[in-house]
Amino acid sequence: MANNNLFSRRRFLGMTGAGLVGLSGLGLAGCQRSNIDTDTADLANTARGNVVKVYNWTEYISDSVLKGFTQETGIEVIYSTFDSNEAMYAKLKLMNGSGDYDVIFPGTDFVDKMRKESMLEVIDHNKLSNFGNLSPTFLDASFDPQNKFSVPYLWGSSGIAVNKSRIDINSITSWNDLWRPEFEGRVMLMNDLRDVFTMGLLTLGYPATTHDPKHIEAAYQKLSKLMPNVRTFNSDAPRMPFMEGETYLGLAWNGEVIMAQDQGMPELDFVYPKEGVIMWMDNMSIPKNAKNRENAYAFIDYLLRPDNAAIISEEIGYGSPNESAKKLMPADIANNQIIYPPDDLLGHALFREDVGDTTMALYQKYWDRLKVDM
């Protein structure tokens with residue numbers, strides 16, 4: 001598993017910014033160009049006609065899959081990257097439906113936001129012969145009913161990381177366990193507003209995507225009581241406070257636990273709390289007015305092919321929603337319940353949805369106040 005890529009991907013989720021790097025689809029590694037060089041390459045390839053313009057997260061696809069796509073189809077990939085959903089959204093907003101990208105990779109809440117703002121094309125499933133390889137678990141979610149605007153790409157989850165040498169892991173079953181007084185000063189939270197507040201809302205039995213100001217305030221009050229237990233907020237590398245012995249348990253991404261195990265901390269394990277699994281998923285979408293729409297479908301369908309989906313998942317290090325691809329993976333990956341939790345847990349998966357600018361401003365107000373409480 002490509003753990004360096006894993007680190008880069010999740011680290012970027014906690015960041016904002018508008019920096020873009022142009023990359024050639026036929027040479028991701030070491031082929032960064034200036035914006036001028038990228039624009040020149042785009043013009044030249046567009047003149048040749050057969051291209052697809054892809055806008056994806058940094059270090060979030062297999063170079064061999066990109067090369068294979070071009071070799072098989074003759075379609076050249078013009079590949080650019082972003083480092084946050086916010087940056088991707090802002091770029092597309094500035095383009096105002098110009099159609100300069102053909103395939104993008106938004107998270108669930110941004111699929112929700114962009115579809116509501118008419119920034120995405122409706123997906124014609126008849127043009128995706130490999131759509132049926134996707135597990136029903138990841139389809140028809142509330143952020144995009146019937147997958148009209150998005151196709152699942154990779155996914156991961158947020159749960160409780162536990163140092164088994166310090167804590168009996170069987171005693172940790174609920175988000176509420178983080179509030180136990182014996183864990184004073186030993187809890188880590190990720191520096192992620194939505195995940196932290198989702199955790200608070202779940203402990204109170206409220207919907208994870210509530211718009212109700214009373215629910216959000218109640219979650220803030222509950223989280224305030226957790227602050228004496230919190231040692232640090234960390235989204236750059238959530239495994240590090242555990243590996244350095246600062247924290248014994250806390251909110252973390254599943255991939256960070258896998259990475260810690262690979263880097264010499266086998267005692268770090270992962271618990272999916274009984275109140276619900278907080279999940280993220282990145283998706284493939286076609287922006288409004290995409291100029292190379294048929295090539296976009298060809299590209300998406302190629303990534304949905306089981307052999308290609310398996311390569312991407314193994315190299316990047318996160319779970320594939322492609323059920324057929326999972327059957328091609330090594331047993332130590334396909335059967336790892338940290339990466340692929342049991343179906344009964346996935347049945348309670350909670351994906352992020354857009355809550356709107358007004359509600360996000362309220363979350364931000366309480367988030368800022370919570371950080372002061374530390």
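Look up: the structure comes first, before these words.
Everything numeric here is computed off the predicted structure, so don't read it as measured data.

A. Quick peek at the pattern of salt bridges. Throughout the structure, instances matching the rule amount to 18 salt bridges. A salt bridge links K93 to E117; the nearest nitrogen and oxygen atoms lie 3.0 Å apart. With K93 in helix α4 (residues 85–95) and E117 in the loop between α5 (108–116) and β6 (151–163), this residue pair connects regions lying 24 residues apart in the sequence. For D195, the salt bridge goes to R352, with nearest N and O atoms at 3.2 Å. Of this pair, D195 sits in helix α6 (residues 193–203) while R352 sits in the loop between β12 (349–351) and α15 (356–373), and the two are 157 residues apart along the sequence. Taken as a pair, D195 and R352 share a single burial class, namely buried. A cluster of three or more residues bridged by salt bridges with shared partners is formed by K93, K113, E117 and D357.

B. Here's a closer look at the pairing of strand β9 (residues 249–253). Where burial is concerned, most of β9 is hidden: 5 out of the 5 residues are buried. Relative to β9, β6 runs antiparallel, the two sharing 5 bridges. Considered in β9, the bridge of G159 is made with A252. For strand β7 (residues 187–189) and β9, the ladder comprises 2 bridges, and the chain directions are parallel. In the strand pairing of β9, V187 is matched with L249.

C. Layout of the packing of helix α10 (residues 293–304) against helix α11 (residues 306–316). It is the contact of α10 with α11, at a shortest axis distance of 5 Å, that shows an interaxial angle of 75°. Classified by the interaxial angle, the pair formed by α10 and α11 is roughly perpendicular. Contacts between α10 and α11 involve Y302, L303 and L304 on the former and, on the latter, P306, N308, A309 and I312.

D. Quick look at the packing of aromatic side chains. Tallied over the full model, the rule gives 15 aromatic pairs. With 4.9 Å between their ring centres and 55° between their planes, W57 and F82 make a pair best called tilted. Taken together, the residues span a long stretch of sequence, with W57 in strand β3 (residues 51–57) and F82 in strand β4 (residues 76–82) at a distance of 25 residues. Here the two residues W57 and F82 agree in accessibility, since each one is buried. Through pairs of rings, three or more aromatic residues link up here, namely Y55, W57, F82 and Y101.

About the thresholds
- Residues numbered from 1 in each chain as written.
- Predicted model: local features only at pLDDT ≥ 70, side-chain atom pairs only at ≥ 80, totals over all residues.
- Heavy atoms only, no water.
- Salt bridge = Lys/Arg side-chain N within 4 Å of Asp/Glu carboxyl O.
- Helix = DSSP H or I, 4+ residues; strand = E, 2+ residues; numbered from the N terminus.
- Buried < 20%, exposed > 50% of the residue type's maximum accessible area, 1.4 Å probe, protein only.
- Pairing = 2+ DSSP bridges.
- Axes fitted to C-alpha atoms, helices over the stretch in contact; angles between N-to-C directions.
- Parallel < 35°, antiparallel > 145°, perpendicular 65-115°, else oblique.
- Contact = heavy atoms within 4.5 Å.
- Phe/Tyr/Trp six-rings, centres within 6.5 Å; stacked < 30°, edge-to-face > 60°.

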